[in-house]
Amino acid sequence: MQKQHIYYDLHIHSALSPCAASDMTPNDIVGMAVLNGLDLIAVTDHNTLLGTPAVVKAAEAMQKQHGNKLIVLPGIEVSTVEEVHILCLFRNLETALVFENELSPFFSKLSNRIDIFGNQVIYDEKDCVLGEMERMLIAPTSISFDDLYFLTHKHNGAFIPAHIDRASFSVISNLGFIPPHLKINTVEVSPNGIEHGFKETNKEIAAKSNIITSSDAHQLWAISERENYIVLPELTAEAAIDFLR
Ligand SMILES: [Zn+2]
Ligand SMILES: [Zn+2]
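Below you will find a few notes about this structure.

The rules behind the values
- Residues numbered from 1 in each chain as written.
- Chains lettered and ligands numbered in written order.
- Predicted model: local features only at pLDDT ≥ 70, side-chain atom pairs only at ≥ 80, totals over all residues.
- Heavy atoms only, no water.
- Phe/Tyr/Trp six-rings, centres within 6.5 Å; stacked < 30°, edge-to-face > 60°.
- Helix = DSSP H or I, 4+ residues; strand = E, 2+ residues; numbered from the N terminus.
- Buried < 20%, exposed > 50% of the residue type's maximum accessible area, 1.4 Å probe, protein only.
- Lys NZ or Arg CZ within 6 Å of the ring centre and 35° of its normal.
- Pairing = 2+ DSSP bridges.
- Axes fitted to C-alpha atoms, helices over the stretch in contact; angles between N-to-C directions.
- Contact = heavy atoms within 4.5 Å.

1. A word on the packing of aromatic side chains
Turning to step 1, where the next piece is worked out: Per the counting criterion, the structure on display carries 5 aromatic pairs.
Turning to step 2, where the next piece is worked out: Consider the rings of Phe145 and Phe159, whose centres lie 5.2 Å apart with planes at 90°: the pair is edge-to-face. On the criterion of sequence distance, the pair formed by Phe145 in helix α5 (residues 145–154) and Phe159 in strand β7 (residues 158–161) is long-range, its members being 14 residues apart. An identical accessibility class is assigned to Phe145 and Phe159; each is buried.
Turning to step 3, where the next piece is worked out: Among the aromatic side chains, those forming a connected cluster through ring pairs are Phe145, Tyr149, Phe150 and Phe159.
Turning to step 4, where the next piece is worked out: Over the ring of Phe107 we find Arg135, and its NZ or CZ is 3.7 Å from the ring centre.

2. Here we look at the sheet that holds strand β2 (residues 40–46)
Turning to step 1, where the next piece is worked out: The 6 strands lie next to each other as β7-β4-β3-β2-β1-β10, forming an open sheet whose pairing is mixed. The open sheet is flanked by β7 and β10 (229–232), the only strands paired with a single partner. Each strand axis lies, on average, 30° off the axis of its neighbour in the sheet, ignoring direction.
Turning to step 2, where the next piece is worked out: Where strand β1 (residues 4–12) lies against β2, 3 bridges are found, and the strand directions are parallel. When the bridges of β2 are listed, Asp9 appears paired with Ile41.
Turning to step 3, where the next piece is worked out: Sheet strands touched by helix α2 (residues 52–66): β2 and β3 (71–79). Its angle to β3, the strand with the most contacts, is close to 165°.

3. A short note on the environment of Ile6
Turning to step 1, where the next piece is worked out: Within the fold, Ile6 resides in strand β1.
Turning to step 2, where the next piece is worked out: Assessed through its relative accessible area of 1%, Ile6 is described here as buried.
Turning to step 3, where the next piece is worked out: Here Ile6 is in contact with Asp39, Leu40, Asn228, Tyr229, Ile230, Leu232 and Leu235, once residues within four sequence places are set aside.

Read these as spatial facts, not as claims about activity.
What follows is the structure in structure tokens.
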């Protein structure tokens, strides 16, 4: 089978994340990704998958109308009890939502403080506002790093420690190392880390794991250009998750 270069951005926050701009709507994210020439994206809001179905549906509607193929992986950026940020990505909405249901007992019971953290806007696939999310998404969950790994794998998902080069909210900053007893095939390094030679100074990690880099966009303009790619046998969610997990 012919291998393809698949251009991606697998770390994008929608308007549901309190820290993201309110114009990060499903259709604007999808439109910007297509404009930038991306093939594969994931929307990864903090501690919720609620914003994902609208983005998946917006991408499907766009393909029907205009023929642009953009795969959207259902995703979530979970903050573990150790305050380590993990991207959990899934093959389809069904498994992602079952995963979220099993994760929900670990969600914080606090309510959002809009004045401090910002709005958590829920959009439908036509960019109509459905409401505000009550739960404080910025608060960490109570699930451990290891338990989140096993829960994600149970649902055939990809468990990707996020921005591991950063001085906070990363596996290296908060745990001190990447736990060797777990088979972590992919890690994310921020664009800044890549620029400052992370791969060259961390050859051991680079030898063991795929290193991907995504935007962590909170505004439309920050979504990646056609710059980072993975090599897959075909452009499907299945092939992407098989590579990443
Ligand atoms: Zn993060
Ligand atoms: Zn993020």
